[in-house]
Amino acid sequence: MSMRDVSPNGTPRIGVYICHCGTNIAGTVDVHALREYAARLPHVVVARDYKYMCSDPGQALIREDIRAHNLTRIVVASCSPLLHEHTFRKATAEGGLNPFYFQMVNIREHASWVHEDKEAATEKAKDLIRAAVFRVTLHRPLERRQVPIHPDVLVVGGGIAGIHAALTLANAGKHVYLVEREPTIGGHMAKFDKTFPTLDCAACILTPKMTAVKAHPNITLWTYSEVVRVDGYVGNYKVTVKRKPRYVKEDVCVGCLECIEACVYKDARFPDEFNLGLGKRKPIYIPFPQATPQVVLIDPETCIEFKSGRCKKTCVEACGERRAIDFNQKEEIKEIQVGTIILATGFKTFDPRRIPYYGYGVYPNVYTALEVERLVNSAGPTGGEVVLRNGRKPESVAIIHCVGSRDENTNRYCSRVCCMYAIKLAHLIKERTGAEVYNFYIDIRAPGKAFEEFYNRVQEEGVHFIRGKVADIYPSGAEGDQLVVQVEDTLLGKVRKIPVDMVVLAVGLEPQPDAEEVRRMFNISCSSEGFFLERHPKLAPVNTFTDGIFLAGACQGPKDIPDTVAQAGAAAAEALALIDAGYVELEPNTAYVVEEACSGCKTCIPLCPYNAISFLEEKKKATINEVLCKGCGACVAACPSASIKQNLFEDEMIFAEIEGVLAHA
Amino acid sequence: MPEEAFGHQRGSTSGAGSDSWQPRIVAFFCNWCTYTAADLAGTSRMKYAPNVRVIRVMCSGRVDPQFVLDAFARGADGVLIGGCHPGDCHYMEGNYKCLRRFLLLRRVMKELGIEEERLRLEWISASEGEKVRAVINEMTEVIRRLGPLHREVPAEREAVEVAAS
Ligand SMILES: Cc1cc2nc3c(=O)[nH]c(=O)nc-3n(C[C@H](O)[C@H](O)[C@H](O)COP(=O)(O)OP(=O)(O)OC[C@H]3O[C@@H](n4cnc5c(N)ncnc54)[C@H](O)[C@@H]3O)c2cc1C
Ligand code: FES
């Protein structure tokens, strides 16, 4: 006797539904043959094929058949269960059955879309349907567990994405922990002077938001801090945050900056990180005037007190009664409880040293676009003057697009923002210096709102646009401080050599160097380029595969500020939806011990990564805490007496599937 | 394991004559990485051999050695297990548990006279749709060269092995 005949709930009456998905399935798989085939499988009472099973009428078919034919099990062969399992479970429940009396068969992603041979694809689909029919007879009624959602939210990364998400949530009355690794929030946007395409001043739109974050009663802002550990699951994450010492007490410092003035170093002489080394700072400093929080910090690497212990400590004197400076400050570890998490860790720019012929790091007058953002910034190291390292104003400037983007040797993807910021920088450089500006591009990508118009405007301003990939940059001129840009102009069809004073590399956007570690810590996935992977590229663009963890901004892929803000709002809304529902329903695929069968061998206990299994000493049996069990099934596979079962993935169900895919009818 | 079990109901999946034997491979893919990667191969419309039947489990750590042996007993010519990369398992270390069982299984298979190549374990992350395609194609070819799992004539097996090497 085959095990499929042994149903725990009497003789099943199965309905099988085959979706055409338009032509997505029906174009490759013979859906009528499938229907006829399914109708002959054991216990199948109804078999139908329909254009779109997920549509309302498709779901209605299931509901009505359950009533009309007393169906007790439902099988739908359509797309991936990761996409529509919940839809059909719902339809099954609406028809009056337990939603887990349902099994889904993936004949689109796993058959029609990946095979060309129609006959073979149809045979495969038959095998998969047969497996589901065998399996579903063994299903049991299950209930979803509800777990409460802790209302607090963690936002990681304080760029514009993290700032916007945090403010949205805080304004909705939720408590937010915003954790930023740098001493200030603001991210890349804080470095810009103007933003494309409207050329509005970045600081004017960003600073008020930064201040609002600091002032908001619902936001706990932890800068100079990093998440070091994440435990738990949706609704109940326990997060450990490391707060690095700034050697200045944050709650005492008032941001008067007198200590900086008073430092024994009269002149700033250490490369300043915020200005990418184009400016200098002292050992006690604030990254930039609007830094948030307005709290100074001390760099122990350069501070004399840290190095020799013999500084006059004029800073402490200047601070006086406030006593904010604390050379003994230690790293602090905080533990917080949150229900949802938004990752907004942003991007890093491409390192152009990887393309040696552009000469970055070799020729002093080759700059990255980010450095030039600081030069054109009126609060930057040159007060907004675009000048070369020797102080001279450039008379001609080359801007090279797609550096580290759309290139087989570096990154194949388009970084989406470089064309537009390169056009913006062309405009700003021309405005500030009157120089001749040449933009070297492969294609201009200006698909956003008002982008093309902005491109046209800058063309009309007299910026030259030369279509071609720059092949070489080499020095010339008496002092060798001029640079020649060699390019094959694909519109003129000839090689051109254009001498310039300054070269700007429009570097692409790449994942943060530690994206891999962050991804692991939060148990999410990365796409092949290394950006965080969304749950679905179209329908769940801010969700991840881990419930309760959302994505915002450039950590998910290159994007501009408007798209970043939109995504941050969406991530906040997703978190809010969970919090306001108050609870989530978890998959009931947890494991349990069948006590009578347990031999008390304890094999399972050390296997559980969540310490969900304990040993009942008086009974000499193992027991599983359902709340802690996450349903991996590792203990089930290991139990020597087969006394542990996993709901939805019982051994018998999997054996039935194996039998089903292999048995030819 | 009963002799006849291996030979049972063997034939071509395309229903054509017996000379068009097609390898039959059962795959166990973990929900979070490899199953998702197979979905990605689908949404990317990659084309690969139609010989694999995927059974979804939550984690590769759920794969009981009995599943693998049962698949062989019921007529599979190959079994493929797909899980998250080391360090990436959604349940922390299920894939390491799977790896240990896999190594053990390969030894058992050797004892039973089943070629080791018939069982394969692959780490395939959610973004590696291309790897799903490559692994399935490759494994199908390997099994095709090995031939059906159970062959009556040992001499034939030798001939196949010589030809394959
Ligand atoms: C040269 C250049 C010019 C640009 N000009 C424009 C423009 O004019 N207009 C426009 O719309 N867009 C422009 N962009 C794009 C713009 O920079 C991005 O859209 C925007 O910065 C994305 O914001 P974000 O918050 O996602 O990332 P980011 O700005 O990168 O912010 C991420 C933040 O997260 C922090 N962080 C990272 N990892 C961690 C961690 N593990 N823990 C804690 N914190 C962490 C970082 O320190 C940073 O503060 C430009 C980009 C470049 C490179
Ligand atoms: S979840 Fe993929 S191997 Fe454990």
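Undergrad: How do you make sense of the sheet that holds strand β3 (residues 78–83) of chain B when you look at a structure like this?
TA: Within a sheet, neighbouring strands are paired by backbone hydrogen bonds and run either parallel or antiparallel to one another. All names here are of chain B. Taking strand neighbours across the sheet as the criterion, the four strands line up as β2-β1-β3-β4 in an open arrangement whose pairing is parallel. Looking along the sheet, the strands with just one partner apiece sit at the ends: β2 (52–57) and β4 (119–123). Averaged over all pairs of adjacent strands, the angle between their axes in this sheet comes to 20°, without regard to strand direction. Alignment of strand β1 (residues 25–30) against β3, held across five bridges, turns out to be parallel. When the sheet's bridge partners are listed, Ala27 is paired in β3 with Leu80. Taken strand by strand, helix α4 (residues 94–112) contacts β3 and β4, and its axis lies near 160° from that of β4.

Undergrad: Before we go on, may I ask you to explain the side chain of Thr544 of chain A in this structure?
TA: Residue and element names in this part refer to chain A. Among the structural elements, Thr544 can be located in the loop between α14 (515–522) and β29 (549–551). A polar side-chain atom of Thr544 sits 2.8 Å from the main-chain carbonyl oxygen of Ile549. With residues near it in sequence (within four places) discarded, Thr544 still touches Ile524, Leu533, Arg535, Ile549 and Leu551.

Undergrad: Help me understand the interface of chain B and chain A, please; the structure alone is not making it clear to me.
TA: Accessible area lost when the parts come together is the quantity often used to give the size of an interface. On the side of chain A, 54 residues touch chain B, which itself brings 53 residues to the contact. Across the chain B to chain A interface the summed buried area is about 4700 Å²; carbon plus sulfur atoms make up 57%. Across the chain B-chain A interface, the total number found is five salt bridges. Across the pair Asp651 of chain A and Arg62 of chain B runs a salt bridge, and its minimum N-O distance is 2.7 Å. Summed over the shared surface of chain B and chain A, the result is 20 residue pairs in polar contact (both at pLDDT 80 or more). Elements supplying a minimum of two residues to the side of chain B that touches chain A: β1, α2 (34–43), β2, α3 (65–73) and α4 of chain B.

Undergrad: Before we go on, may I ask you to explain the environment of Leu425 of chain A in this structure?
TA: Residue and element names in this part refer to chain A. Within the element layout of this structure, Leu425 appears in helix α12 (residues 418–433). With relative accessibility at 0%, the residue Leu425 sits in the buried group. In this structure, the C-alpha to C-alpha distance between Leu425 and Asn439, residues 14 residues apart in sequence, is 10.0 Å. Excluding its chain neighbours within four sequence positions, the residues that come into contact with Leu425 are Ala369, Val372, Glu373, Val376, Ile399 and Val504.

Undergrad: Whenever I open this one, the nonpolar core confuses me. Can you help?
TA: Within soluble globular proteins, side chains that are nonpolar generally end up buried alongside one another. All names here are of chain A. Ranked by internal contacts, the top residues of the largest apolar core, which has 98 residues, are Val16 and Ile129. For this core, the element with the highest residue contribution is helix α5 (residues 118–136), accounting for eight residues. If you count residues domain by domain, this core takes at least three from each of domain 1 (14–144) and domain 4 (591–646). Other than its neighbours up to four places away in sequence, Ile129 contacts Val16, Ile18, Leu34, Ala38, Leu41, Ala77 and Val105.

Undergrad: What is the right way to look at the state of the cysteines in this model?
TA: By definition, a disulfide links the sulfur atoms of two cysteine residues through a covalent bond. Residues and elements named next belong to chain A. In the structure shown here, the tally under the stated rule is one disulfide over all chains. Through a disulfide, Cys201 is tied to Cys204; the S-S separation comes to 2.2 Å. Judged by the sign of its S-S torsion, about 90°, the cystine formed by Cys201 and Cys204 is right-handed. Take Cys315: it sits in no disulfide, and the sulfur closest to it among the cysteines is that of Cys311, at 6.3 Å. Take Cys315: its relative accessible area is 10%, and that puts it in the buried class. The thiol of Cys402 is unpaired, and the distance to the nearest cysteine sulfur, on Cys419, comes to 5.4 Å.

Undergrad: Teacher, can you tell me more about the site of ligand 1 here?
TA: Residue and element names in this part refer to chain A. Neighbouring ligand 1 are 37 residues; Glu180, His188, Lys424, Lys559 and Ile561 lie closest to it. One of the backbone nitrogen or oxygen atoms of Ile160 is found 3.2 Å away from an oxygen atom of ligand 1. Lys559 places a main-chain nitrogen or oxygen 2.6 Å from an oxygen atom of ligand 1. Residues belonging to the shell around ligand 1 are distributed by class as follows: 16 nonpolar, twelve polar and nine charged.

Undergrad: How do you make sense of the domain arrangement of chain A when you look at a structure like this?
TA: As far as domains go, chain A holds domain 1 (14–144), domain 2 (258–322), domain 3 (347–510) and domain 4 (591–646). Of note, the centres of domain 2 of chain A and domain 4 of chain A, computed from C-alpha atoms alone, are 58 Å apart.

Undergrad: Which parts of the structure should I look at to understand the side chain of Ser415 of chain A?
TA: All names here are of chain A. Relative to the elements of secondary structure, Ser415 occurs in the loop between β21 (396–403) and α12. Assessed through its relative accessible area of 1%, Ser415 is described here as buried. Within polar-contact distance, the side chain of Ser415 engages the backbone nitrogen of Leu509 at 3.0 Å. Here Ser415 is in contact with Ser405, Gly508, Leu509 and Pro558, once residues within four sequence places are set aside.

Conventions we followed
- Residues numbered from 1 in each chain as written.
- Chains lettered and ligands numbered in written order.
- Predicted model: local features only at pLDDT ≥ 70, side-chain atom pairs only at ≥ 80, totals over all residues.
- Heavy atoms only, no water.
- Pairing = 2+ DSSP bridges.
- Helix = DSSP H or I, 4+ residues; strand = E, 2+ residues; numbered from the N terminus.
- Axes fitted to C-alpha atoms, helices over the stretch in contact; angles between N-to-C directions.
- Contact = heavy atoms within 4.5 Å.
- Polar contact = N/O pair within 3.5 Å; in protein donor to acceptor, adjacent residues only side chain to side chain.
- Buried area = accessible area lost by both parts, 1.4 Å probe.
- Salt bridge = Lys/Arg side-chain N within 4 Å of Asp/Glu carboxyl O.
- Buried < 20%, exposed > 50% of the residue type's maximum accessible area, 1.4 Å probe, protein only.
- Core = buried A, V, L, I, M, F, W, Y, C linked by side-chain atoms within 4.5 Å.
- Domains from an automatic or database assignment.
- Disulfide = S-S within 2.5 Å.
- Near = heavy atom within 4 Å.
- Nonpolar A, V, L, I, M, F, W, Y, C, P; charged D, E, K, R; others polar.

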